[in-house]
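Below, each chain spelled out in residue letters.
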Amino acid sequence: MARRRLQLQTDLDALLASKEMVLVCGSGGVGKTTVAAAMAVAAVTQIGGRVLVLTVDPARRLADALGVGHIGNEATRVPDSAFAAAGVQPRGELWAAMLDTKAGWDDLIRLHAPDEQVREAVLANSTYHNLASRFVQSHDYLAMERLHELHSSGEYDLIIVDTPPSRNALDILDAPRQMKEFFRSWLLRWLTAPYRSRFFSMASKPFYQIADRILGSRFLEDIAEFFMLFQAMEKGFVEHANEVEALLADPRTTFVVVSTLEAAPSYEAAYLARELVRREHHLGAIIANRVLPASMTAKASATSARKLVKAARGDLAEQIAEQLDTQPEIVGDVLTEIGTRFHDVAVVATREAERRAELSELCQLLVAAPVLDRDVNDIADLLELAAHFTP
Ligand SMILES: Nc1ncnc2c1ncn2[C@@H]1O[C@H](COP(=O)(O)OP(=O)(O)OP(=O)(O)O)[C@@H](O)[C@H]1O
Ligand SMILES: [Mg+2]
């Protein structure tokens, strides 16, 4: 058993050692951010090199877990002292960066604007300010752009990307195509028509003036100007979107799908895994997170639960009560409740085992991590979780 475990554990390590980019995806709340951080910590302690985890988690929780005061758009080095506190020494360097949507968009505009005039006009445009800070969907595209930029910099041996909480886990894959389609769309052409055509410009001027008098100064003009300026950046954006698409299909890139074994996330994970394969992306592993121990489905566990209920009113309750300094009747009630409810847990564990088997058909490597009895708070917790990334 120990050898088999070691062998398969090596598989996840081998995946992290052989790839340069890992995209961690899955439905909302399944543990993507946590798993991405756990993989990064495992990679830097077991393999080494310069490892970067790019997160989109705006909560300070991850920064706290990694022992860094603040994670921003610029990568921050996780200090060796944070590892020392967990009793380990990293073999390489761990860096963390957080996707800042607004700063990310500003950088993209600077990159793609054909000249200084367009750049300054976009950055000063009020519609742009509103969109850049509110356009949640753009998280997906920005995460891909940032990955592209960080990978091209050649500064890191391994980049692990924690993908944003999307309504649909596939959004991240579609983001580059959607960006290209946006530039080709009739909506953009229609919105910018008044500015591109002299006739429209003259004809629509009174309309803008009246509308802006009602809606507030330059409201519509700002919108139209924004879209027109955006169109001036089409070439740069489309070229980049093509490069980002190529990066997703690159043999150095792999996808790790995270899921709990509840019905809805498992369904979505299976869909995502099939879709990744269909699109010829590399599916490296499926990580089942927060799973119940396999022993919950064993016959011996059910027998133990039955015996526990029987023993709940006898010596056992008295012995426990003495140890815990509480009353035997209360201990008896608690044990009876636990014993009788065990059946529910066993049913859930059986369903989980079925879903796990279904998911394992879709990927050569399926690993499972248990529910920890606490929130994941520091590097020691992340390492504990990573140690469970065994089939
Ligand atoms: N195996 C685990 N045991 C205990 N708690 C866990 C485990 N995995 C994740 N958690 C906790 O679950 C919560 C959600 O995890 P996380 O933020 O990583 O999910 P997510 O998929 O990134 O969510 P979102 O889609 O909102 O970004 C966190 O509080 C985290 O500490
Ligand atoms: Mg997250």
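The rules behind the values
Residues numbered from 1 in each chain as written. Chains lettered and ligands numbered in written order. Predicted model: local features only at pLDDT ≥ 70, side-chain atom pairs only at ≥ 80, totals over all residues. Heavy atoms only, no water. Helix = DSSP H or I, 4+ residues; strand = E, 2+ residues; numbered from the N terminus. Contact = heavy atoms within 4.5 Å. Areas by Shrake-Rupley, 256 points an atom, 1.4 Å probe, with all protein chains shown as cover. Axes fitted to C-alpha atoms, helices over the stretch in contact; angles between N-to-C directions. Left-handed = near helix turned anticlockwise from the far one by under 90°. Core = buried A, V, L, I, M, F, W, Y, C linked by side-chain atoms within 4.5 Å. Buried < 20%, exposed > 50% of the residue type's maximum accessible area, 1.4 Å probe, protein only. Near = heavy atom within 4 Å. Nonpolar A, V, L, I, M, F, W, Y, C, P; charged D, E, K, R; others polar.

Visitor: I tried to follow the overall build of the protein on my own but got confused; where do I start?
Guide: When helices and strands are counted, the protein shows 18 helices and eight strands. The contacts of the protein with a sequence gap of at least 6 include a subset with a gap of at least 24, amounting to 76%. Here the protein has roughly 20000 Å² of accessible surface; of this, 55% comes from carbon and sulfur atoms.

Visitor: Sorry, what's going on with the packing of helix α16 (residues 315-324) against helix α17 (residues 328-360) here?
Guide: Each pair of packed helices can be summarised by the angle the axes make with each other and by the distance between the axes. Their axes nearest at 8 Å, the elements α16 and α17 cross at an angle of 115°. Where α16 crosses over α17, the handedness of that crossing is right-handed. On the side of α16, the interface is formed by L316, A317, E318, I320 and A321, while α17 contributes P328, V331, G332 and L335.

Visitor: Hey, could you run me through the nonpolar core in this one?
Guide: Among soluble globular proteins, nonpolar side chains are generally buried collectively. Within the largest apolar cluster, 59 residues are counted, with the highest numbers of intra-cluster contacts made by W105, Y128, F230, M233, F237 and V257. The next biggest cluster of nonpolar side chains, apart from the first, holds 47 residues, and it includes L66, A285, L365 and V367.

Visitor: Any chance you could explain the environment of P293 here in plain terms?
Guide: Structurally, P293 is set in the loop between β7 (283-291) and α15 (299-311). A relative accessible area of 44% places P293 in the partly exposed class. In this structure, the C-alpha to C-alpha distance between P293 and E352, residues 59 residues apart in sequence, is 9.8 Å.

Visitor: Would you explain the site of ligand 1 in this entry?
Guide: Around ligand 1 there are 18 residues in total, and G29, K32, T33, T34 and L372 lie nearest to it. Burial of ligand 1 by the protein amounts to 82% of the accessible area it has alone, namely 630 Å². Listed by contribution, the elements that provide at least two residues to the shell around ligand 1 are α2 (32-46) and β7. Broken down by element, the residue count for the shell around ligand 1 peaks at three residues, all from α2. For the shell around ligand 1, the class distribution of residues is seven nonpolar, six polar and five charged.

Visitor: Looking at this structure, how should I read unusual backbone geometry?
Guide: Leaving glycine aside, a negative phi is the common case for residues, and trans is the common case for peptide bonds. Residue R290 is not a glycine yet carries a positive backbone phi of 55°. Inspection of the secondary structure puts R290 in strand β7. Located in the positive-phi region is D325, a residue other than glycine, with phi close to 55°. Looking at where D325 falls in the secondary structure, it is placed in the loop between α16 and α17.

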